[in-house]
Number of protein chains: 2
Amino acid sequence: MRFPTADAGDGSDAINRGDYSATYVSLKTDAGVEGAGFTFTNGRGNEITCAAVRALAHHVVGRSVDDIFAEPVAFWRSLSADVQLRWLGPEKGVIHMATGAIVNAVWDLRAKLEGKPLWQLLAEMPTQELVSNVDFHHITDALTPDEAAAILDKGLSGLDDRRAELERDGFPSYTTSVGWLGYPDDKVRALTQQAYAEGWRAMKMKVGGPIDDDVRRARIIREEIGPDALLMMDANQVWDVDEAIANMARLAEFDPYWIEEPTHADDVLGHARIQRAVAPIRVATGEVAANRVIFKQLLQAEAIGVMQIDACRVGGVNEVLSEILMAAKFGVPICPHAGGVGLCELVQHLAVFDYLRVGTSLEGRMVEYVDHLHEHFTDPVRTRGGRYLLPTEPGYSATMKPASIAEYSFPEGPAWR
Amino acid sequence: MRFPTADAGDGSDAINRGDYSATYVSLKTDAGVEGAGFTFTNGRGNEITCAAVRALAHHVVGRSVDDIFAEPVAFWRSLSADVQLRWLGPEKGVIHMATGAIVNAVWDLRAKLEGKPLWQLLAEMPTQELVSNVDFHHITDALTPDEAAAILDKGLSGLDDRRAELERDGFPSYTTSVGWLGYPDDKVRALTQQAYAEGWRAMKMKVGGPIDDDVRRARIIREEIGPDALLMMDANQVWDVDEAIANMARLAEFDPYWIEEPTHADDVLGHARIQRAVAPIRVATGEVAANRVIFKQLLQAEAIGVMQIDACRVGGVNEVLSEILMAAKFGVPICPHAGGVGLCELVQHLAVFDYLRVGTSLEGRMVEYVDHLHEHFTDPVRTRGGRYLLPTEPGYSATMKPASIAEYSFPEGPAWR
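Residues numbered from 1 in each chain as written. Chains lettered and ligands numbered in written order. Predicted model: local features only at pLDDT ≥ 70, side-chain atom pairs only at ≥ 80, totals over all residues. Heavy atoms only, no water.

- An unreviewed UniProt entry annotates chain A as L-fuconate dehydratase originating from Phytohabitans houttuyneae.
- Quoted verbatim from the Cofactor (unreviewed entry) field of the UniProt record, the comment on chain A reads "Mg(2+)".
- In its Catalytic activity (unreviewed entry) section, the UniProt record describing chain A reads: "L-fuconate = 2-dehydro-3-deoxy-L-fuconate + H2O". (UniProt positions renumbered as here; feature names shortened; annotations may be inferred.)

**Remarks on the relation of the copies chain A and chain B**
Now for step 1: The operation relating chain A to chain B is a screw motion whose rotation component is 180 degrees, with 0.0 Å of axial translation and a residual RMSD of 0.0 Å. Each copy turns onto its partner about a two-fold axis. If distances are taken from each C-alpha of chain A to the rotation axis, the shortest is found for Gly 93 of chain A, at 2.5 Å.
Now for step 2: When the interface residues of chain A are mapped onto chain B, 100% of them are again interface residues, pointing to one common binding face. (Least-squares fit on C-alpha atoms with pLDDT ≥ 70 in both. Contact = heavy atoms within 4.5 Å.)

**Things to note about the domain arrangement of chain A**
Residues and elements named next belong to chain A.
Now for step 1: According to the domain assignment, chain A contains domain 1 (6-136) and domain 2 (159-404).
Now for step 2: In total, about 4,100 Å² of surface goes out of reach between domain 1 and domain 2, with carbon and sulfur atoms giving 62% of it.
Now for step 3: Between domain 1 and domain 2 we count two salt bridges in total.
Now for step 4: One salt bridge connects Glu 91 with Arg 292, and the closest N-O pair in it is separated by 3.1 Å.
Now for step 5: On the surface where domain 1 and domain 2 come into contact, there are 21 residue pairs in polar contact (both at pLDDT 80 or more).
Now for step 6: Listing elements by their share of the side of domain 1 that touches domain 2, those giving two or more residues are β1 (21-28), β2 (34-41), α3 (72-80), α4 (93-114), α5 (118-123) and α6 (127-132).
Now for step 7: If one sorts the elements of the side of domain 1 that touches domain 2 by residue count, α4 sits on top with ten residues.
Now for step 8: Looking at the side of domain 1 that touches domain 2 residue by residue, the class counts come to 25 nonpolar, 15 polar and nine charged. (Domains from an automatic or database assignment. Buried area = accessible area lost by both parts, 1.4 Å probe. Salt bridge = Lys/Arg side-chain N within 4 Å of Asp/Glu carboxyl O. Polar contact = N/O pair within 3.5 Å; in protein donor to acceptor, adjacent residues only side chain to side chain. Helix = DSSP H or I, 4+ residues; strand = E, 2+ residues; numbered from the N terminus. Nonpolar A, V, L, I, M, F, W, Y, C, P; charged D, E, K, R; others polar.)

**Topic: the packing of helix α9 (residues 185-197) of chain B against helix α10 (residues 211-225) of chain B**
Residues and elements named next belong to chain B.
Now for step 1: At a minimum axis distance of 9 Å, the contact between α9 and α10 shows a crossing angle of 25 degrees. In this view, α9 runs roughly parallel relative to α10, as classed from their interaxial angle. For the pair α9 and α10, the crossing hand works out as right-handed. Counting all contacts with α9, which are made through Asp 185, Val 188, Arg 189, Thr 192, Gln 193 and Tyr 196, the residues of α10 involved are Arg 216, Arg 217, Ile 220, Ile 221, Glu 223, Glu 224 and Ile 225.
Now for step 2: Taken together, the residues of the contact of α9 with α10 sort by class into five nonpolar, two polar and six charged. (Axes fitted to C-alpha atoms, helices over the stretch in contact; angles between N-to-C directions. Parallel < 35°, antiparallel > 145°, perpendicular 65-115°, else oblique. Left-handed = near helix turned anticlockwise from the far one by under 90°.)

**Details of the side chain of Glu 287 of chain B**
Now for step 1: By the secondary structure assignment, Glu 287 of chain B is in the loop between β7 (282-285) and α13 (292-300).
Now for step 2: For Glu 287 of chain B, which is buried and forms no salt bridge, the nearest opposite charge comes from Lys 204 of chain B, at a distance of 5.3 Å.
Now for step 3: When sequence neighbours within four positions are dropped, the list of residues in contact with Glu 287 of chain B reads Trp 87 of chain A together with Asp 234, Asn 236, Glu 260, Glu 261, Gln 308, Asp 310, Arg 313 and His 337 of chain B. (Buried < 20%, exposed > 50% of the residue type's maximum accessible area, 1.4 Å probe, protein only. Lys, Arg positive; Asp, Glu negative; His and termini not counted.)

**Points about the UniProt feature "domain: Mandelate racemase/muconate lactonizing enzyme C-terminal" (unreviewed entry) in chain A**
Now for step 1: The feature "domain: Mandelate racemase/muconate lactonizing enzyme C-terminal" (unreviewed entry), as given by UniProt, occupies residues 185-281 of chain A in the numbering adopted here.
Now for step 2: End C-alpha to end C-alpha, residues 185-281 of chain A measures 25 Å, and it is 52% helix and 15% strand.

**Here's the deal with the interface of chain A and chain B**
Now for step 1: Counting residues at the interface gives 64 residues for chain A, matched by 64 residues for chain B.
Now for step 2: Around 5,300 Å² of area is buried between chain A and chain B when both sides are counted, 54% of it from carbon and sulfur atoms.
Now for step 3: When the buried surface of chain A facing chain B is broken down by residue, Arg 44, Gln 84 and Trp 87 of chain A rank first, second and third, together holding 17% of it.
Now for step 4: For the interface between chain A and chain B, the tally reads six salt bridges.
Now for step 5: On the surface where chain A and chain B come into contact, there are 40 residue pairs in polar contact (both at pLDDT 80 or more).
Now for step 6: Secondary-structure elements contributing two or more residues to the side of chain A that touches chain B are β2, α1 (46-56), α4, α11 (241-251), α12 (268-278) and α13 (292-300) of chain A.
Now for step 7: For the side of chain A that touches chain B, the element with the most residues is α1 of chain A, which contributes six residues.

**Side note on the pattern of salt bridges**
Now for step 1: Applying the stated criterion across every chain, the model contains 54 salt bridges over all chains.
Now for step 2: Where Asp 213 of chain A meets Arg 216 of chain A, a salt bridge forms, and the shortest distance between an N and an O atom there is 3.0 Å. Here the residue Asp 213 of chain A and the residue Arg 216 of chain A both occupy positions in helix α10 (residues 211-225), the gap between them amounting to three residues, near one helical turn.
Now for step 3: Asp 213 of chain A gets classed as partly exposed once you look at its relative accessible area, which sits at 30%.
Now for step 4: Here Arg 216 of chain A falls in the partly exposed class, since its relative accessible area comes to 36%.
Now for step 5: We note a salt bridge from Glu 368 of chain B to Lys 204 of chain B, for which the minimum N-O separation is 2.9 Å. Here Lys 204 of chain B lies in strand β4 (residues 202-206) and Glu 368 of chain B lies in strand β9 (residues 367-369), a separation of 164 residues in the sequence.
Now for step 6: With a relative accessible area of 2%, Glu 368 of chain B lands in the buried category.
Now for step 7: Overall, Lys 204 of chain B belongs to the buried group, its relative accessible area being 1%.

**Things to note about the nonpolar core**
Now for step 1: The biggest cluster of nonpolar side chains holds 282 residues, and the ones touching the most others in it are Ile 48, Met 233 and Ile 259 of chain A together with Ile 48, Met 233, Leu 251 and Ile 259 of chain B.
Now for step 2: Non-local contacts of Ile 259 of chain A, meaning those with residues more than four positions away in its chain, are made with Val 207, Met 233, Asp 234, Ala 235, Trp 239, Met 248, Val 278, Ile 281, Arg 282, Val 283 and Ala 284 of chain A. (Core = buried A, V, L, I, M, F, W, Y, C linked by side-chain atoms within 4.5 Å.)

**Quick word on unusual backbone geometry**
Now for step 1: Omega for the bond connecting Gly 89 of chain A with Pro 90 of chain A falls within 30 degrees of zero, at -15 degrees, which places this linkage in the cis form.
Now for step 2: At Thr 360 of chain B, a position not held by glycine, the phi torsion is positive, near 55 degrees.
Now for step 3: Positionally, Thr 360 of chain B belongs in the loop between α15 (343-358) and β9.

What follows is the structure in structure tokens.
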């Protein structure tokens, strides 16, 4: 699936520009129930993740949902540790994103078969079953199964109250639609005014262009939102470590709440140095953190003050569960990455589950919100006053409308012909 | 290209089993000169790296070698930082391996056009030109261009003597052909005896199966090679951090020189903990280190005592140059990973360049040697008494024989029909 977003400058930042795309996986049961999952890509190259899904498909085609969830880690490893395909990662990049697309579809299918939104399926799941869905391989030095069980047991207390609260108020979020690098200053100002009027009190801008431009745009946004609203900054990995520290010294006057992706996403030690230098500004990262082992180290090194899980970068729901549990263990709030194609639809479930059963606090928790492409989903996100409303339909909100699939399939859809 | 290696148990270890394959890139000039490059894969999934090469091909097709090398970092970033494709990494996994295949082919072509083996082209290159081929983005906190230039200038001293030494004696190596997990004990013993008789005094065994089996096999090999020869162990990432420390306490009685890939390849902090615990045994890793930023951190964290660069995992010769220079800055010896398809052919050039111009010492330096598939290359490695003989033909020794290409192309070659 590919959507023509590049021309509008939507989604442009220091290093990414493209037509937002998704590798869309549909799993159909003999009874005709369909589970949907996907991974997000940035345009060209979506055919590569599609090829990776095809290479992994034999691990899921022909199996039953019951069979898969009887031994969920064995299933997950059949994808993530395939003896031939793992060489292409391991557990990173194209092959791992394809794993995520398939695993997400399996969870969507299960939630639909159980008639519950994914967040509810997870929040109500017995502790031992949740633990049995986590692959602790390579993270036992940070989180053991017993520690995970203790966190999940504790999360049962007060769960109904938290659920009632979310059903009433929704989940806090912030908007990234105001400050893409591709937008001119007047558009940034107008979008900031509009977002503030709509109720947003937390907004994110892109930085990582010429620093004087970043400073000028930060001033515009801070002028419009006043001193109390949160302003986040996102450098999309463009800076070197010392450059990040120097540039944040200049941008600090606009009181950023966090600096996101200040340097190379693999650079755990670099993030730790930056975090020590820019505190109390928080370092945030995660949208391209390749797997749970990267997150483990970011937590162990005290390199981040905000952990930005992604629904489609890692190996799907199972791996995200391990990340959410590690964040709780280390006391770092989760603010999921969203945007792209359908990422808002997915991560709302993960954030809600985190609050209901794991993190159990809304302090510092926000889900990213980007107002792109929701119209293509059968169960799109709904927001009110800067908050996500709780999804109510069964599944993982991953299903695209048949008309959108027909129109935007690439390259054969009418939109691309 | 795919070769039927799985049935023989060749290449089997704790986590990998497959038919050794390569995504083979051929760049032809209008004058008919051909540059060859490739990345190695483990069988299934080779079609995914092929798709990635096709997605990147437009960055190189139609350009001249002179044009590319006039601005080599700009060329390298056109591949590694493609605004749409980088999302699939960034700089890791399938998309980065495909970048490496193309970049390697460009260097093979250049070396052929200049009529020199790649090691010689690099060793004789002026310092500023070498520096201009390195992308220092995201590594300036570990190595600056000025520091790199100083290392390369110093490497000019005594270069002719070192070259004469290698032409006379060859380059030290070790063999991995004795202890694959797929081999029974008697085969391990027989292969060890044979390798020792052939002159090998450094051998590597696979570990990471049941620890009692690892202990038994280590005992067999140590019995056969005596106390003076080097025994290396390779766990192929299978252990958790504490498990690696515990298992190495048991294997220490066989006096291993290094433990390779003791845990997840992305776990810089884990490797650092293991290195502190198992010293003086050295921790070695690198064959799946995704990029220069992972190596940078392994060096900064003092997590490794041996750095195992790979010719095809990262973005080709340009990125390997940065890794070789960082290793010299931090004083860690390089012992390149080889085996697979054609990796021995490539890394010999890198190791020789390192000795001649960067590291300038043979202390602790060895190139891995695996006796597989050399017969398919037009300029195969040659060894004598456990040492690589210096390549003499122009290029990067990456060209496969036309008959092999015809026979083993997958899936259409006669070997696979």
